[in-house]
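Residues per chain are reported as follows:
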Amino acid sequence: MSARPPRLVVGVEVHVQLATRTKAFCACPVEFGAEPNALCCPVCLGHPGALPTLNRGALAAAVRAGLALGCAVAPRGAVRWDRKNYFYPDLPKGYQITQYDHPLCENGALALSDGTRVRIRRAHLEEDTGKSSHAGDGETLVDFNRCGVPLLEIVTEPDLGSAAAVEEYLRLLRDRMILAGASSCSMEKGEMRCEPNVSLVRGDGSSTGISELKNLNSFAAVRAAVAFEAKRLEEGPWHPAGAAPPRTTYGWDDAGGRTILQRTKETAADYRYFPEPDLPDLPAEALAGFVAEGRAALAAADADRSAAAGRARAEAVRLGLAADQADLLLVRDLTGGRFAAALAAAEGAGAPAAEAGPALAGWFLGPLAGWVNGRGGDWAALRASAGDLAAALGLQRTGKATAQVVKEHLLAGEWPGTGGDPAAFLAGRGLLGGAGEEAVRAACAEVVAANPDVVAKIRAGKTAARGALVGQVMKRMRGTADPGAVNRILDGLL
Ligand SMILES: [Zn+2]
């Protein structure tokens, strides 16, 4: 038997919420965070006799999404609707309307940066369920607002071979959905839910069972869960080549960093799929108009994106930004326009572009990105306005605050969450205005006196040790000292 490690095999199921104003089969509005059970009607609650009507907007979005993934639309000649029957408290109808053997889209693919072609088996339209939440005291609350919200379920073949490849595929998928205007894919709002199916295969064809990982709601969780499960599966048990390996569902414990056994998987037979009697089939001819409109919309979006990329390249040259900075801030617009607005404000206040551009890029991709990531990754949490940031840059440019004070006390502190006049904020904490020569001299003298061993090393020629002294002085001065002055004074003392 070969000693090669087993190969990781991953396929992914993703549910994206289609960007529509109303639900898939009724006119109830789709709204995140509304009062529980305020957005329901007899259709989405499954009252007897209520009849579903297909939302054209949901169909159009699903077609655009399928085209953006390179899928064929309705390759079997007609699109059919089915009922997937199961009992669950958040599913008042007792079934979901979905598509079983005649899905809307099939046979697409996305290419990863290393050339891996990830085949997309199918993408079908279905409706979401409600949401249960477990209150204390063993009580469970149910909110039916999400019942009937349109979803596209996108299923790949098992073409992914590492946790990093799974993450790249998901990022690419999200990008295509956003480009197609099919979904905004906000993972925080549950608009993109990812379920990797993970197994290991040996050279002789034997394999482990397939672990279906559920409830992964960030890219970091997907990466960690796939890597964890790949490691755990190495212990086996192994099933001989040709055997149908068992499928088991696992949840992900983010805090504990491990997968948790939930249940063995139902098979299609357990769901008793049968044709939905209340919705007519959609023949391919009825979809032709949607496909033509979808292709035109995608071509326009691609052209818009190319034009935006061209403008971003020119702007990056004007500002002297590095390629990766320009990509994040100008092409992909990580900050939702906040970088461009702050830059415009800084230039309006007289800062030259070649100075303001790199400085603000460093802030947005450094301390501000760190601050935002510490608060769920939503740039809307940033309350410091473009004008506030331009004013902060002004303090730094005019020497009223050192770069270190701005970075550590302003951008990494509470200020981004409140905004307001940065000068007042720093003045209130005694951090405004460079420290006077006397104070810096006193701090340098104290540090030299407190570190005779370091001083001895430096005098013996180990000049690299000098950095430690500079660092200590800066720390004592809480960053308010001008590094040039510190170096000059230390040189004198040494
Ligand atoms: Zn409804």
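Just above sits the structure.
Scoring rules and cut-offs
- Residues numbered from 1 in each chain as written.
- Predicted model: local features only at pLDDT ≥ 70, side-chain atom pairs only at ≥ 80, totals over all residues.
- Heavy atoms only, no water.
- Helix = DSSP H or I, 4+ residues; strand = E, 2+ residues; numbered from the N terminus.
- Buried < 20%, exposed > 50% of the residue type's maximum accessible area, 1.4 Å probe, protein only.
- Contact = heavy atoms within 4.5 Å.
- Phe/Tyr/Trp six-rings, centres within 6.5 Å; stacked < 30°, edge-to-face > 60°.
- Lys NZ or Arg CZ within 6 Å of the ring centre and 35° of its normal.
- Axes fitted to C-alpha atoms, helices over the stretch in contact; angles between N-to-C directions.
- Parallel < 35°, antiparallel > 145°, perpendicular 65-115°, else oblique.
- Left-handed = near helix turned anticlockwise from the far one by under 90°.
- Nonpolar A, V, L, I, M, F, W, Y, C, P; charged D, E, K, R; others polar.
- Donors = N, O, S within 2.8 Å, 3.2 Å for Na, K, Ca; no water.
- Tetrahedral: all angles 85-135°; square planar, octahedral: opposite > 155°, others 65-115°.
- Salt bridge = Lys/Arg side-chain N within 4 Å of Asp/Glu carboxyl O.
- Pairing = 2+ DSSP bridges.

1. A look at the environment of leucine 141
Position of leucine 141 among the secondary structure elements: in strand E9 (residues 140-143). The exposure class of leucine 141 is partly exposed, given its relative accessible area of 45%. Leucine 141 sits ten residues away from lysine 131 along the chain, and the two C-alpha atoms are 8.4 Å apart. Filtering out sequence-adjacent residues up to four positions away, leucine 141 remains in contact with Lys131, Ser132, Ser133 and Ala135.

2. Examining the packing of aromatic side chains
Taken as a whole and judged by the stated rule, the model has seven aromatic pairs. Ring geometry for tyrosine 100 against tyrosine 273: centres 4.0 Å apart, planes inclined by 15°, an arrangement best described as stacked. Of the two residues, tyrosine 100 sits in the loop between strand E5 (95-98) and strand E6 (105-111) while tyrosine 273 sits in the loop between strand E14 (258-264) and strand E15 (274-275), which places them 173 residues apart along the sequence. According to the relative accessible area criterion, tyrosine 100 is partly exposed, its value standing at 36%. Look at tyrosine 273 and you get partly exposed, because its relative accessible area is 23%. Note on phenylalanine 364 and tryptophan 379: the rings are 5.8 Å apart at their centroids and 35° apart in plane angle, and the pair reads as tilted. Residue phenylalanine 364 is found in helix H8 (residues 353-365), and its partner tryptophan 379 is found in the loop between helix H9 (367-373) and helix H10 (386-397); the two are separated by 15 residues along the sequence. Both residues of the pair, phenylalanine 364 and tryptophan 379, belong to the buried class. Aromatic rings pair up to connect Tyr86, Tyr100, Tyr271 and Tyr273 into one cluster. Geometry around tyrosine 271 places lysine 84 over its ring, the cationic atom sitting 4.4 Å from the centre. Just above the ring of phenylalanine 425 sits the side chain of arginine 429; from NZ or CZ to the centre is 3.6 Å.

3. Focus on the packing of helix H14 (residues 437-450) against helix H17 (residues 483-493)
Running from N to C, H14 and H17 cross one another at 50°; their axes reach a closest spacing of 10 Å. Regarding the angle of H14 to H17, the classification is oblique. Crossing of H14 against H17: the hand is right-handed. Between H14, through Glu437, Val440, Arg441, Cys444, Ala445 and Val448, and H17, the contact on the second element is made entirely by Val486, Arg488, Ile489, Leu490 and Leu493. Each residue belonging to the contact of H14 with H17 can be placed in one class, and the counts come to eight nonpolar, no polar and three charged.

4. Side note on the coordination of the zinc ion
Distances from the zinc ion to its protein donors, namely Cys26 (SG), Cys28 (SG), Cys41 (SG) and Cys44 (SG), fall within the range 2.3 to 2.4 Å. Geometry at the zinc ion is tetrahedral, judged from its four donor atoms and the angles of 100 to 114° they form at the metal. Read in sequence order, the donor residues coordinating the zinc ion give the pattern C-x1-C-x12-C-x2-C. Pair noted here: cysteine 26 is in the loop between strand E1 (7-17) and helix H1 (42-45) and cysteine 44 is in helix H1, with a separation of 18 residues, a long-range link. According to the relative accessible area criterion, cysteine 26 is buried, its value standing at 13%.

5. Some remarks on the environment of lysine 23
Among the secondary structure elements, lysine 23 is positioned in the loop between E1 and H1. According to the relative accessible area criterion, lysine 23 is buried, its value standing at 0%. Counting along the chain gives 90 residues from lysine 23 to serine 113, while the straight-line C-alpha distance between them is 36 Å.

6. Considering the environment of leucine 382
Relative to the assigned elements, leucine 382 resides in the loop between H9 and H10. In the structure, leucine 382 is positioned 74 residues away from alanine 308 in sequence and 25 Å away in space, judged by C-alpha atoms. In this structure, leucine 382 is in contact with Arg338, Phe364, Leu368, Trp371 and Pro416, ignoring residues within four places of it in sequence.

7. Side note on the pattern of salt bridges
Counting across every chain of the model gives 25 salt bridges. For glutamate 167, the salt bridge goes to arginine 223, with nearest N and O atoms at 2.6 Å. Of the two residues, glutamate 167 sits in helix H3 (residues 163-179) while arginine 223 sits in helix H4 (residues 219-233), which places them 56 residues apart along the sequence. Owing to a relative accessible area of 11%, glutamate 167 belongs among the buried residues under this scheme. On the basis of relative accessibility, which here comes to 38%, the residue arginine 223 falls in the partly exposed class.

8. Details of unusual backbone geometry
Most of the time, phi is negative for any residue but glycine, and the peptide bond is trans. With an omega of 5°, the peptide bond running from glycine 236 to proline 237 counts as cis. Locating proline 237 in the fold gives a position in the loop between H4 and strand E13 (247-253). Phi at cysteine 185 takes a positive value of approximately 55°, unusual for a residue other than glycine. With respect to the element layout, cysteine 185 can be found in the loop between H3 and strand E11 (192-201). Here the phi dihedral of arginine 272 falls at roughly 45°; this positive angle occurs in a residue that is not glycine. Along the chain, arginine 272 falls in the loop between E14 and E15.

9. A look at the pairing of E6
In this sheet, E6 lies alongside strand E2 (residues 72-73) in antiparallel orientation, the contact comprising two bridges. Residue pairing across strands places valine 73 opposite cysteine 105, the latter belonging to E6. Judged from the six bridges that link them, E6 and strand E7 (residues 117-127) form a sheet pairing that is antiparallel. Across the sheet, residue cysteine 105 finds its bridge partner in E7, namely alanine 123. Here E6 folds back onto E7, and the loop between the two strands holds five residues, one of which, glycine 115, carries a positive phi near 95°.

Interpretation in functional terms is not warranted from these geometric data alone.
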